[in-house]
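Residues per chain, in single letters:
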Amino acid sequence: MTGAQILFLVCAGLILGSAVMVVTARNLMHAAFWLIAALFGVAVVYAILQAGFMAMIQVVIYIGAIAIMFIFADMLTRRDVRESRAQIGRNWPVAVLLGLLILAGLTALILAQPGVGRVAPALPSGLDPVAALGKALVSPDAYVLPFEVASVLLLSALVGAVYLAFLKKQ
Amino acid sequence: MIPLTYYLVLSAILFTMGALGVLIRRNALVIFMSVELMLNAANLAFVAFARQYNAFSGQLFVFFVMTVAAAEVAVGLALIVAIFRVKHNIDVDQMSSLKG
Amino acid sequence: MTPSDLLSILPLLVLVVWACALLLVDLWLKRKGVTAFLAALGLALTAGLALAQAGEETTAFGGMVALDGFASFLNVLFPLSGLLGIAVAYGYLKRMNIERGEYYSLLLFSTAGMMLMAHAADLVVVFLALEFLSLPLYVLAAFARPRLDSEEAGLKYFLLGAFASAFVIYGIALIYGATGTTSLSGIVAAIEAGSLGTSGLLLTIGAALFLVGFGFKVAAVPFHMWTPDVYHGAPTPVTAFMAVGAKAAGFAALLRVFVTAFPALDADLTPVVWVLAALTMFVGNVVAIAQTNIKRMLAYSSIAHAGYILMAFVAFGNPATRADAVASALFYLVTYALTSYGAWAAVIALEKQDPSAGSGQAASGLEINDFAGLGRRRPALAAAMTVFMLSLTGMPPTLGLVGKFYLFRTVIEAGQVWLAVIGVLTSLISAYYYLRVVVVMYMREGAPETTREPWLDFTWAVSALATVILSFLPMALFAWASAAGVMGF
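This is a predicted model, so every value here is computed, not measured.

Engineer: Whenever I open this one, the overall build of chain A confuses me. Can you help?
Structural biologist: Each helix and strand counted, chain A has six helices and zero strands in total. Its helices and strands in sequence order give chain A the pattern α-α-α-α-α-α, from N to C terminus. The 170 residues of chain A split such that 31% are buried. The contacts in chain A between residues at least 6 apart in sequence include a share of 47% that link residues at least 24 apart.

Here it is as structure tokens:
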């Protein structure tokens, strides 16, 4: 077993363990912290996949912005702890059954792929992935339109969020 | 090195867990966190496939998913906090003003 | 980026720029009526520009977007539905004390997302358009804050929407894994090259997850649970816009993706869609019978109509009826948009804020029984509502009959007689609850309080007239829908 394989297994364990904790934790704050652990594990897996830029923005955007927002929302919606009731809805057996079905289906599907047992080919040398990504994002023949749409989308989300959060002064 | 299968199985399990979380939890915040897990599962599959094809298109898709996730978080958490301000409770199965 | 790239999405560009400018201009406008007027002007301009694009066929931005008959058809439909969304909202927002300029900017943004969806030729754009149209809608559903039912509608819509998006993204990931590309033309090329082998299964499952995600968006059974609650809780003009625009955009994405990229998957997906369509028609119509609230009844009616449109996808599985399937779906979308907007406008005319409950409380006047006596009090409005109910059922002399006839004929020609039979039977069931509204309006005594607002009256009057007149002259619309084929790549 090589170092990368051990690292992958550790990360996979971290991701799945944290995911279980997110889904089952009673305390919302704990759930948010377990979410950060899971997100961090995913970032390391990106790094193992030689997607360094993705690993970085995973940390910056997902952990730095999104998870932190969750923590803020947790703090803003805190109730008396004693009041907390059962966290699981009544229909959980159905949901678990459904989940197992999805999982079995997806896993069987993936294992049936002939190509997936392969190890990924080596990256061509002399290629700067960050530069290539950056160029693709602003190239008119590639992703400039989605890029601009994403920016307008952020603007509309911002306007909406401000509208919802705005307290009328009365 | 690690075969693609491993990444995909990891992503499938993570996706299922997220979906389960959405279906069984009652707190809106935790449901939303579970959705984030599902998005991460999809991103993981994208990056793994992109590595397999040695192409950037998969990574670029992940970039857009993250952007959209950030926008969604802004709107979603604003909604959750706004509801909490009115009724001090964000359990989805207690949204009794809409029943029938 | 060549000028022709920009020209091909000119209506969309104009709308987005207009929406951004409106955000700024609104800050200086004291009278929100001016904002509404400016927003409507932008939408009218956009619709005009889209109309001028009819007949063009091209791709732009390196194959990210396509301009074809399909896109220009829908790009006229979406701004027009946005216009009606403003017409029904103008007086309502004032009356309910939620008149804010953001309504109009968000509505414009959402319409822009729908138009982008019609153009999409790459799954990246499909995904971004989906979010671009949905995010403003989540906020609009909660627009009557701090009214709790509206906020909860927003949150429910949001959580279900985010959940559905996750399915769409995972589906796209699997499709990407099978074909190595997200561009629709690339996917077609990969399928036709026949090199997929067992990756074809990956593609099928990816397409199925994609279908699940959009099943949520268009409110197909069994992914419909959110619909009645959200339609009920959201401010009624938003509900109308959502029921028409968001549903049409969801179907636009499904049509575009299925027509261009997945014809090869038909053998696998047609039975699934068959079951979805049958279930949706059946559940939507049967549950609607039990509703006493008009908004919930119309919500189930909108679920049922999603089922009728899904029938077109089954017809699409047969190569002989492929062109007719797309045309009949588009034709039915127009029919549904017109009728449904009219019906929602009538609901808005009766809705009022409970004077005893204070400004933070829910509205009243939304029970079906509140329509009692409308035939005597407002004969014109009652007549218009009768037209809408007949059209939703699919009875003469309305456009609904033409739309259903065309759809059922296409389905039968595709060899799916049983599905057409289910369609007809469920339409008969639906007659019960639609006609009940008519009976209540004319046969029962009552003194409903209604609102007279010029733009609202304009909306239901125009919708009713168009529903009747177009049913006698459907050929123009028919020809336009038939010409709106999706270009091949």
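That shown, we press on.
Engineer: Honestly, the overall build of chain C in this entry has me stumped. Any pointers?
Structural biologist: On a plain count of helices and strands, chain C comes out with 20 helices and four strands. Its C-alpha radius of gyration of 21 Å places chain C within 12% of the 23 Å reference for a compact globule of 489 residues. With respect to the principal axes defined by its C-alpha atoms, chain C has extents near 70 × 55 × 40 Å. For chain C, the proportion of its 489 residues judged to be buried stands at 66%.

Engineer: What am I meant to see in the domain arrangement of chain A here?
Structural biologist: By convention, interface size is frequently given as the accessible area that disappears when the constituent parts associate. Split by domain assignment, chain A resolves into domain 1 (1–79) and domain 2 (139–170). A C-alpha centroid distance of 25 Å is found between domain 1 of chain A and domain 2 of chain A.

Engineer: Help me understand the nonpolar core in this model?
Structural biologist: Here is a general trend for soluble globular proteins: nonpolar side chains tend to be buried in one another's company. The biggest cluster of nonpolar side chains holds 307 residues, and the ones touching the most others in it are A42 of chain B together with M117 of chain C. With 21 residues, the top contributor of residues to this core is helix α14 (residues 322–350) of chain C. Residues from two domains meet in this core; each of domain 1 (1–79) and domain 2 (139–170) of chain A gives at least three. In this view, M117 of chain C contacts V126, A129, L130, L133, A249, A252 and A253 of chain C; residues no more than four positions away in its chain are not counted.

Engineer: Explanation requested: the interface of chain C and chain A in the structure shown.
Structural biologist: Each partner contributes to the interface: chain C provides 29 residues, whereas chain A provides 20 residues. Going through the elements one at a time, α2 (10–28), α5 (102–119), α6 (123–141) and α9 (199–218) of chain C are the ones with two or more residues in the side of chain C that touches chain A. Classifying every residue of the side of chain C that touches chain A by side-chain character gives 20 nonpolar, five polar and four charged.

Engineer: In this structure, what is going on with the environment of T111 of chain C? I would like to understand it.
Structural biologist: Residue and element names in this part refer to chain C. Secondary-structure assignment places T111 in helix α5. As for T111 and G245, which are separated by 134 residues in sequence, their C-alpha atoms are 7.7 Å apart. Among all residues touching T111, those that are not within four sequence positions of it are L15, L43, F78, P79, G82 and G245.

Engineer: Which parts of the structure should I look at to understand the packing of helix α17 (residues 399–413) of chain C against helix α18 (residues 417–443) of chain C?
Structural biologist: Between two packed helices, both the angle of their axes relative to each other and the distance between the axes serve to describe the pair. Residue and element names in this part refer to chain C. Closest axis-to-axis distance for the α17/α18 pair is 7 Å, and the angle between their directions is 155°. Taken together, the axis directions place α17 and α18 in an arrangement best described as roughly antiparallel. Handedness of the α17/α18 crossing: left-handed. Contact residues: K404, F408, V411 and I412 in α17; V417, L419, A420, G423, V424 and S427 in α18. Looking at the contact of α17 with α18 residue by residue, the class counts come to seven nonpolar, two polar and one charged.

Engineer: Which parts of the structure should I look at to understand α6 of chain C?
Structural biologist: Since the α-helix packs 3.6 residues into each turn, any two residues three or four apart lie on the same face. An ideal rise of 1.5 Å per residue puts 27 Å on 19 residues; α6 of chain C measures up with 27 Å between its terminal C-alpha atoms. Taken across its 19 residues, α6 of chain C has 19 buried, putting it largely inside the fold.

Engineer: What is the right way to look at the interface of chain A and chain B in this model?
Structural biologist: With 69 residues of chain A at the contact, the number on the chain B side is 59 residues. Elements with a contribution of two residues or more to the side of chain A that touches chain B: α1 (3–24), α2 (28–48), α3 (52–76), α4 (92–111), α5 (129–138) and α6 (144–165) of chain A. By residue class, the composition of the side of chain A that touches chain B is 57 nonpolar, nine polar and three charged.

Engineer: Please clarify how the environment of A132 of chain A should be interpreted in this entry.
Structural biologist: Here A132 of chain A lies in helix α5. Contacts of A132 of chain A, omitting those with residues within four sequence positions, involve L127 of chain A together with F56 of chain B.

Engineer: Just checking my understanding: could you explain unusual backbone geometry for this structure?
Structural biologist: Keep in mind that most residues, glycine aside, have a negative phi and that most peptide bonds are trans. Residues and elements named next belong to chain C. Between V221 and P222 the backbone carries a cis peptide bond, its omega angle lying at 5°. Along the chain, the position of P222 falls in the loop between α9 and α10 (226–233). Cis geometry marks the peptide bond from P396 to P397, where omega comes out at 0°. The residue P397 is located in the loop between α16 (379–393) and α17 in this model. Within the chain, N97 stands out as a residue other than glycine whose phi angle is a positive 65°.

Engineer: Quick question: what am I supposed to make of α10 of chain C here?
Structural biologist: All names here are of chain C. The element α10 is largely enclosed, with a buried count of eight among its eight residues. Within the sequence span of α10, burial applies to W226, T227, P228, D229, V230, Y231, H232 and G233. For α10, the elements touching its buried residues are α6, α7 (148–179), α11 (236–260) and α13 (294–316).

Engineer: I would appreciate a short explanation of the packing of α2 of chain A against α3 of chain A in the present structure.
Structural biologist: Residues and elements named next belong to chain A. Following both chains from N to C, one finds α2 and α3 inclined at 175°, their axes separated by 8 Å at the closest point. When the interaxial angle is binned, α2 and α3 end up roughly antiparallel. When α2 is examined against α3, the residues L28, M29, A32, L35, I36, L39, F40, V42, A43, Y46 and A47 are found in contact with a partner set consisting of G52, M54, A55, Q58, V59, Y62, I63, A67, F70, I71 and D74. Each residue belonging to the contact of α2 with α3 can be placed in one class, and the counts come to 19 nonpolar, two polar and one charged.

Engineer: Would you mind showing me how to read the environment of M443 of chain C here?
Structural biologist: Position of M443 of chain C among the secondary structure elements: in helix α18. Taking the C-alpha atoms as reference, M443 of chain C lies 7.4 Å from G373 of chain C; in sequence the two are 70 residues apart.

Quick notes on the rules
Residues numbered from 1 in each chain as written. Chains lettered and ligands numbered in written order. Predicted model: local features only at pLDDT ≥ 70, side-chain atom pairs only at ≥ 80, totals over all residues. Helix = DSSP H or I, 4+ residues; strand = E, 2+ residues; numbered from the N terminus. Buried ≥ 20, exposed ≤ 12 C-beta atoms within 10 Å, placed from the backbone. Contact = placed C-beta atoms within 7 Å. Rg over C-alpha atoms; globule rule 2.2 N^0.38 Å. Domains from an automatic or database assignment. Core = buried A, V, L, I, M, F, W, Y, C linked by C-beta atoms within 7 Å. Nonpolar A, V, L, I, M, F, W, Y, C, P; charged D, E, K, R; others polar. Axes fitted to C-alpha atoms, helices over the stretch in contact; angles between N-to-C directions. Parallel < 35°, antiparallel > 145°, perpendicular 65-115°, else oblique. Left-handed = near helix turned anticlockwise from the far one by under 90°. Expected span 1.5 Å × (residues − 1).

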